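Single-letter residue listing:
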Amino acid sequence: MDQLSHAELVDKKFVLFAEGCFGLFTSKIAASLVRYNGDRCVAVIDSRRAGQTVQDVLGYGGPIPIVSRVEQALHLGPEVMIIGKGLHSADLPSAWKPHLLAAVGNGLHLINSIHYRLVGDPDIARAVREKGVTVWETKDAPPVRLNRARVLDLDTWVIHTCGSDSNIGKKTAALQIWNEANRNGISTGFAATGQSGMLISGHGIAVDGVPGDFMAGAVEQVVMEAAAGHEWVVVEGQGSLNHIGFSSVALAILHGALPHALVFCHRLGAERTKVWETPIIPIPELIRMNEELSVFERPAKTAAVSVNSFGFSEEDYRREAEKLEADTGLPVVDPVREGGAARLVEILRAHQRETADRLSGSRR
């Protein structure tokens, strides 16, 4: 069997592997792929949820079935199995290995979303060779280079979604803006910086798999590629500057992307960061931190706050959004609750005009 390119893999029907963890916040890769590429998803593997549908668990996605084993999904015609959850470790969970071997044994290609390289396991590597299937290790680093600030020479307007924590909606906000801007006639590219964005858009990097000195340069390259031929480019954020585990990737993206505008993302009601459980400092301070750490050649300003209000009633959402608007002095939008990013795109258009007028005035 010929090896497939990444673009070929993401176009095929797939089954999502989310054993023991399928959910909106517990398997964000799987949840994102269902939201944006659900037409190609035939099933989800999670024995805890077997017999339910994706709609039952996520509240969207329709009747995609949840099964216990890959064999139960083969009649639906998948060609690829995607690991639908990232891990905060470099190990392969022992309970996952039989599922992966079963997928390969049935001729499915693999897309790996964790730091552990599947082909580093002798049994999986042997099965892959025997079946001739393709394994895409999404954490493999691209050819590395240092950041040279080439983004400053682009005519494209750069938007970056930063935020208060990991897994709060930075990617979703970026994708919603990307989709809406293109629908509104603004030719817009998407710069994916994590495996979910890569699998949805078909290109990009997993910046957390790149050696530290070269992360900003890798982001620069992705932005340059995504900007080609476009008026705007939206750069997906990762981690957060205040997160002790993921601050390095957040800063690397901020400096590699050199954005004109920021959209700050936050999950309403969140008070502590995930995994490390450190307090989330006040949102106005975090917004100021991101702005102050943008480079002096292109100081970025925040255009809006994008929130994830999952679980809030409409009344509670409106109350919390108004409070956040008062605290930050910025418009607050939930691009999922509001059915799209139309309002965000209008805010960004106005922000772009204001920025251009300010720069023009400063040059007079």
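Look a little higher up for the structure.
Quick notes on the rules
- Residues numbered from 1 in each chain as written.
- Predicted model: local features only at pLDDT ≥ 70, side-chain atom pairs only at ≥ 80, totals over all residues.
- Heavy atoms only, no water.
- Core = buried A, V, L, I, M, F, W, Y, C linked by side-chain atoms within 4.5 Å.
- Buried < 20%, exposed > 50% of the residue type's maximum accessible area, 1.4 Å probe, protein only.
- Helix = DSSP H or I, 4+ residues; strand = E, 2+ residues; numbered from the N terminus.
- Expected span 1.5 Å × (residues − 1).
- Arc of directions from axis to C-beta.
- Contact = heavy atoms within 4.5 Å.
- Pairing = 2+ DSSP bridges.
- Axes fitted to C-alpha atoms, helices over the stretch in contact; angles between N-to-C directions.

**Quick look at the nonpolar core**
Counting residues in each nonpolar core, the largest one holds 52 residues, and the members touching the most others are L16, F22, L58 and L348. It is helix α2 (residues 28–37) that contributes the most residues to this core, 6 residues altogether. Within the second largest apolar cluster, 26 residues are counted, among which are V70, A103, L108 and V133.

**Remarks on helix α11 (residues 314–328)**
Taking 1.5 Å per residue, 15 residues should reach 21 Å; α11 reaches 21 Å between its end C-alpha atoms and fits that length. Of the residues making up α11, those classed as buried are Y317, A321, L324 and T328. Looking down the long axis of α11, one finds its buried residues gathered within 65° of arc, a one-sided arrangement. Opposite the packed face of α11, turned more than 90 degrees from it, sit the exposed residues E315, E322, K323 and A326. Where the residues of α11 are buried, they touch α10 (283–293), β11 (301–308) and β12 (332–333). In the segment just after α11, G329 is the residue with positive phi, at about 70°.

**Considering the sheet that holds β12**
In spatial order, the strands read β8-β9-β7-β10-β11-β12; together these 6 strands make up an open sheet with parallel pairing. Looking at which strands have only one partner, the edges of the open sheet turn out to be β8 (188–191) and β12. Bridge analysis of β8 against strand β9 (residues 232–235) gives 4 bridges, and the strand direction is parallel. In the strand pairing of β9, A191 is matched with V235. Strands in contact with helix α6 (residues 170–183) are β7 (157–163), β8, β9, β10 (261–267) and β11; relative to β8, the strand with the most contacts, it is inclined by about 160°.

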